[in-house]
Amino acid sequence: MTSLTRRHATELETIAVTVPADAVMAYEEALSVVCSTIGIFEVDDTQVLWRVEGVRDLGYGEAELTAALALAAAISGHAAELDRTRTEAEGWLARTYESFPEQDVGQRFVVRGTHLEGPTQSRRIAITLDAGMAFGSGEHGSTRGCLRALEQVAHRRPRRILDMGCGSGILAMAAAALLHRPVLAVDIDPWSVRTTQQNAALNGLSSLVAARLGNGWRTPGLKRHAPFDLIFANILARPLCLMAKDLAAHLAPGGTAILAGLLNSQARMVVAAHRRQGLVLERHLTEGDWSTLVLRRPDGATGA
């Protein structure tokens, strides 16, 4: 996707799609190309349909938005109609701040917005993010599951760490802060790479988190850093299955993969794809409808 230079406008627009749960992450990423804030809301109590909405400068990045929505439809298999609503500029940022309070995740982390004044009173590891960057903020079940999984495998002290599809960089930063090891963060979206770099600087982790633009496992230079002892892939179920062979080939013997972005109903399919590559399921964590899988390559095993 094209990296855009954001302009300032006096008029704002809310754009939104209503999609099934398994398409939420794809459309969240699509809207984040042009929106300064993203929100995800249940349409009803059944958790079948979700509304993904964002706020942008009126008319900003229309061509890029069209391309991003087409990509989301292709990836998720769900074509969604875009709703557009003029938004009052006054007060929208305050409402965004109110919806992003400091939040504890797992046993070790606290995620907080830049709008919160003063240091956290928590003894947890603090990850600070711009409240406008709601994607990858720690609110989504997939992100929370990955942070919980990281806590559970931290005792292995992985040395070579990869965050594939880094988004906001929250997982890369959490691993770097908890393990005090360098982390390579890769994303196909230039804005995500830039956001990860900015967030790493904000959290004092620039020396440990290296964000790179790349196309998945075909990213230039990726093999020089492999094999990895720990790989995060918080993407979507179908891409995870398609990428299983490449992930296994880049995972060191005894290494751990933390996979997310999939519904509970999709977990068996993703596990099966990785078992065929010699990986073993260690843990299956759930956060509402969302699953996080912890898989490991047995010691002495090699990539398929």
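Below: a short report on this structure.

Reading the values: the criteria
- Residues numbered from 1 in each chain as written.
- Predicted model: local features only at pLDDT ≥ 70, side-chain atom pairs only at ≥ 80, totals over all residues.
- Heavy atoms only, no water.
- Pairing = 2+ DSSP bridges.
- Helix = DSSP H or I, 4+ residues; strand = E, 2+ residues; numbered from the N terminus.
- Axes fitted to C-alpha atoms, helices over the stretch in contact; angles between N-to-C directions.
- Contact = heavy atoms within 4.5 Å.
- Core = buried A, V, L, I, M, F, W, Y, C linked by side-chain atoms within 4.5 Å.
- Buried < 20%, exposed > 50% of the residue type's maximum accessible area, 1.4 Å probe, protein only.

A few words now on the sheet that holds strand β8 (residues 161–164). Note on sheets: strands pair through backbone hydrogen bonds, and any given pair is parallel or antiparallel. Taken together, the 7 strands give an open sheet; going across it, the order is β10-β9-β8-β11-β12-β14-β13, and neighbouring strands pair in mixed fashion. The open sheet is flanked by β10 (209–213) and β13 (280–287), the only strands paired with a single partner. Strand-to-strand twist of the sheet, defined as the mean angle between neighbouring strand axes without regard to direction, takes the value 15°. Examined bridge by bridge, β13 and strand β14 (residues 290–296) share 7 bridges and lie antiparallel to one another. When the bridges of β14 are listed, H284 appears paired with L293. Sheet strands touched by helix α4 (residues 141–153): β11 (228–234), β12 (251–263), β13 and β14. Its angle to β13, the strand with the most contacts, is close to 135°.

Among the nonpolar cores identified, the biggest contains 34 residues, and F109, L150, L179, V209, L230 and F232 are the most heavily contacted of them. Put simply, the parts of the chain that give this core at least two residues each are β6 (109–113), β7 (125–129), α4, α5 (170–179), β9 (183–187), β11 and β12. Tallying contributions element by element places α5 first for this core, with 10 residues. Once residues lying within four places of it in the same chain are set aside, the contact partners of F109 are Q103, D104, R124, I125, I127, L147, L150, E151, A174 and L178.

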